[in-house]
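Topology and contacts: notes
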Amino acid sequence: MMIGRNEPCHCGSGKKYKKCCAGKDPAIATATAVKETGFGRFISLKMQLRMKLDLFLDRVHPRIPFNSIRKAFFKEMKAPLPADMKDTVFQYYLHFYHRFDNHKRAVEWLLDEEGTKLDVNEHSLLKQWCELVPRLLECVEHVDKGVMVQDKLTGEMFLMGRDPNMHYIHPWSVTFGMIEEFEGAYYLNGIMLWTAPGAAVVMYDELSNIHTDCLYEHYPRLLSLFLKEADKPPIPVVPHQEDIYELTYTVTNWDAVKSRFRQSSKWSLVDGEYVLLSDEIIYRDSLLKSSVEMNEILAKAVIKGNQLVFHSPILKEADTFKKKMEKLGLKLVNEKVIKQKHNVTIKYTGLDFVFYFNEIVPDYAMLFAQKKLLQETENEIFALGAALKDLPPAKAVLYLKQIEHLSSKDMKRLHPEEDVTEDFNTVRKELNLPLSPFVTGGAKRKTSLLHKGTVKKKKANGDAPFFLEHFSEFFDLKTRGKTKATANKYQHSLELIGMCLLEIGAKSWDDVGLYEWGKIMLFQYFVIENNEPSVHQVTHFLSALMQFVTYQDEKLDYHFSPLLKKLVKEHKHDVLDAVKLRSIINPAPHDYITQAYIQNLKGIEGVFAFEKVLSKSVKLVELSTGSPYNVSLPAPILRENIVHPGMVMEGQIVQTSKTVHKFSFANRIFPPGALPFLAGE
């Protein structure tokens, strides 16, 4: 039963409860917030019994030297406690751990002297409290009803229920305390403090040398040790000093400088700054519908008034830049090395990253991609593959637990609404270590990095791509004085056009005619842009394509632009409908297509031509087998009227009845007119 707000306060002050301890007692505050469910009544029962423990100790107070007990407790507690926690922790110690002169703990003393005065529920709970022992517990799995924890000393497993008063428990978290059973689940009794898995090692070594019956007497020292371990960083912090090389030039001829950057195959304009990018790195994750492309920024050149300021942590890049600026006749007015000191767990070279991804890729994919890169590079202090393969398995597992614990904290801090995890099972498989049950996707989760050159990267023979000079001039013409957003749109469109030109095998502008521009618009774009573009992005791409061809006509005295404009006008709606259709067929952005999802569907994968559109379905023909299929059209597709004969889908359909199938997912959908190009491939 709950204490009434107008009843005398249980602390013995003589005041009404609402004027005294209401809102101050964390246990009572928790209980009042919990609805009168079974668990709520359980909390109320605990509060009531704790109050009776306090009243009992007050009655026998003359025989108890409280001040000396308190002084001895905090003397042995080496780790500092927040002021607002001291009374709570000491009271908990007094109830469950301290042995009085009669060699009994408060819970045992109350049961012996006044157990018969308690009601059945109170007596049962007090008896359970007397049997509780301190445990070192590790969270080993998240389950529907709570979390599974393992006693590190005994190996016992317990299901810990969802306690409304407890925060999210991160993978491999460790706590030290007692647990009590209620309706088949267990709950912490006492201080709810969870810390990183490394604390388990130190605590295990200490607890292994103490007999279970003696754990109560050593509680202040053990709690102090646990709190000290909780304050330590999960992974050892390494002092690191990074040198940033800064060069400052006075510029009088900006056209010559900008032209040099545009003509370079290595420098790009990103958010108004010239940046030197590493080769393109592609992060692939079976959890995501699309990949993430990224480049490490190796150097930056920023325009400040009449000065050009260069920054890089790489001495070689600074020396190379200096030589190139000398050839341009720029005056070096300042050169210095900026010393940056950090306490880090991971060291890597580079200033920042540039990410390219479609809106269907969630923001946290950038975090996963960057961490994957840092884990696999060779120039870091803590590289998973290199660091773990030489360690004993037990230490390797501990390191992985530490990093997974930290990663979970990062996710909850940066993306609290997301319930996904970084992949730690790929590296576990490589090292033949037990898989983590916390990894989203489980054993089927796969992540990888593919290092490849960017469009701007020089070819092996040292020649830049034939289109680079015209692209640079066109980009400068269209973005001069415009916003960063406009510049980014043109940059993205030109990169796609460049990749398409390379894919169709063009060696010079002589190899590019109306056929090639049509192929890029109707086919090659959909092959390259596999990130499920939006209608807005495709519209901008078509606009940039027409503008560039018009620019090319004027520059090279070609006459393709009128014909291309006619082609775009004829097929634009078909192209946009193909984009819309794919967005409807595929799951929403956060319903990720995983390998498990695909395998569970057990559908028919292939390349399907849209042969005939009926009132509520479409007849498809699988091109490799010639097999016909009748596929139903869901309401959103019927409303949009976006299915046309001649479309081609690379994807999967699933049978729903004997004669009818439905769309499962689409990797690509090509507009009508793409089939001849597809056949040529």
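In this text the structure is predicted, and so the values were computed from the model without any measurement.

Topic: the overall build of the protein
Across its full length, the protein holds 22 helices and 19 strands. Residue pairs in contact within the protein that sit at least 24 positions apart in sequence constitute 66% of those at least 6 positions apart.

Looking at the environment of P562
Looking at the secondary structure, you find P562 in helix α19 (residues 561–585). Between the alpha carbons of P562 and M546 there is a distance of 9.2 Å; along the sequence they are 16 residues apart.

Remarks on the packing of aromatic side chains
Two aromatic rings, taken as a pair, are described by how far apart their centres are and by the angle between their planes. Scanning all chains against the criterion turns up 49 aromatic pairs. Aromatic side chains F158 and Y186 sit 5.0 Å apart centroid to centroid with 70° between the ring planes, which places their arrangement in the edge-to-face category. Here F158 is found in strand β3 (residues 157–161), whereas its partner Y186 is found in strand β5 (residues 185–189), with 28 residues between them in sequence. For F158, a relative accessible area of 8% translates into the label buried. Taken together, the ring pairs in this structure connect F73, F74, F90, Y92, Y93, F96, Y97, W129, F176, Y216 and Y219 into an aromatic cluster. Just above the ring of F90 sits the side chain of R70; from NZ or CZ to the centre is 5.3 Å. Over the aromatic face of Y216 sits the side chain of R105, whose NZ or CZ is 4.2 Å from the ring centroid.

A word on empty space enclosed by the protein
Overall, the coordinates contain five cavities of 30 Å³ or more when judged by the stated rule. In this structure, the largest cavity spans a volume of roughly 90 Å³. Around the largest cavity, the lining residues are Y168, P171, S408, M411, K412, H415, E418, D419, V420 and T421. Empty space within the second largest cavity amounts to approximately 70 Å³. The wall of the second largest cavity is formed by F526, E529, P533, A578, V579, R582, R668 and I669. Looking at the lining of the second largest cavity, the elements with two or more residues in it are α19 and β19 (661–670). Here the lining of the second largest cavity gets three residues from one element, more than from any other, and that element is α19. Looking at the lining of the second largest cavity residue by residue, the class counts come to five nonpolar, no polar and three charged.

Side note on the nonpolar core
Grouped together as the largest cluster of nonpolar side chains are 59 residues, with contacts concentrated most on L501, W509, W517, L581, F610, M649 and F663. No other element matches α19, which puts nine residues into this core. With residues up to four places along the chain from it excluded, the contact list for L581 reads F610, I637, I642, V643, M647 and I669. Counting 53 residues, the second-largest nonpolar core is a separate cluster that includes L57, A79, L215 and F226.

Regarding the packing of helix α2 (residues 38–59) against helix α6 (residues 120–131)
It is at 10 Å that the axes of α2 and α6 come closest, and there the two elements cross at 75°. In terms of orientation, α2 and α6 fall into the roughly perpendicular class. On α6, the residues touching F42, L45, K46, Q48, L49, R50, K52 and L53 of α2 are N121, E122, L125, L126 and W129. Along the lines of polarity and charge, the residues of the contact of α2 with α6 split into seven nonpolar, two polar and four charged.

Overview of the confidence of the model for the protein
Of the residues in the protein, 82% reach a pLDDT of 70 or more, and the chain-wide mean stands at 81. At the level of individual helices and strands, the protein shows its lowest average pLDDT in helix α1 (residues 26–33), which scores 39, and its highest in strand β17 (residues 628–632), which scores 95. Note that residues 23–36 has pLDDT below 50 and, in this model, 19 contacts with residues that lie over four places away or in other chains. Predicted confidence is poor over residues 454–462, with pLDDT under 50, and the contacts of this stretch with residues over four places away or in other chains come to 20 contacts.

Some words on helix α16 (residues 484–503)
For α16, spanning 20 residues, the distance from its first C-alpha to its last is 28 Å, which sits close to the expected 28 Å at 1.5 Å a residue. Among all positions of α16, only A487, Y490, Q491, S493, L494, L496, I497, G498, C500 and L501 are buried. Looking one or two places after α16, you find G505, whose phi comes out positive at around 85°.

Concerning the pattern of salt bridges
Tallied over the full model, the rule gives 24 salt bridges. Between R105 and E108 there is a salt bridge whose closest N-O contact spans 3.0 Å. Each of R99, R105, E108 and E217 takes part in a single network of salt bridges with overlapping partners.

Some words on the pairing of strand β4 (residues 174–182)
Residues in a regular strand point their side chains to alternate faces of the sheet. Of all nine residues that make up β4, eight are buried, and the element is covered over most of its length. Sheet analysis places strand β1 (residues 135–143) next to β4, joined by four bridges and oriented antiparallel. Residue R135 lies in a different strand from β4, and its bridge partner there is G177. Inspection of the sheet shows β4 paired to β5 by five bridges, in the antiparallel sense. For F182, the partnering residue across the bridge sits in β5 and is A185. As consecutive antiparallel partners, β4 and β5 are separated by two residues, and within that stretch E183 has a phi angle of approximately 50°, a positive value.

Rules used in this analysis
- Residues numbered from 1 in each chain as written.
- Predicted model: local features only at pLDDT ≥ 70, side-chain atom pairs only at ≥ 80, totals over all residues.
- Heavy atoms only, no water.
- Helix = DSSP H or I, 4+ residues; strand = E, 2+ residues; numbered from the N terminus.
- Contact = heavy atoms within 4.5 Å.
- Phe/Tyr/Trp six-rings, centres within 6.5 Å; stacked < 30°, edge-to-face > 60°.
- Buried < 20%, exposed > 50% of the residue type's maximum accessible area, 1.4 Å probe, protein only.
- Lys NZ or Arg CZ within 6 Å of the ring centre and 35° of its normal.
- 1 Å grid on protein atoms, 1.4 Å probe; cavity = no way out; pocket = protein on both sides within 12 Å on 5 of 7 lines; lining within 4 Å.
- Points joined across faces, edges and corners; volume = space filled by probe spheres on them.
- Nonpolar A, V, L, I, M, F, W, Y, C, P; charged D, E, K, R; others polar.
- Core = buried A, V, L, I, M, F, W, Y, C linked by side-chain atoms within 4.5 Å.
- Axes fitted to C-alpha atoms, helices over the stretch in contact; angles between N-to-C directions.
- Parallel < 35°, antiparallel > 145°, perpendicular 65-115°, else oblique.
- pLDDT = per-residue confidence, 0-100.
- Expected span 1.5 Å × (residues − 1).
- Salt bridge = Lys/Arg side-chain N within 4 Å of Asp/Glu carboxyl O.
- Pairing = 2+ DSSP bridges.

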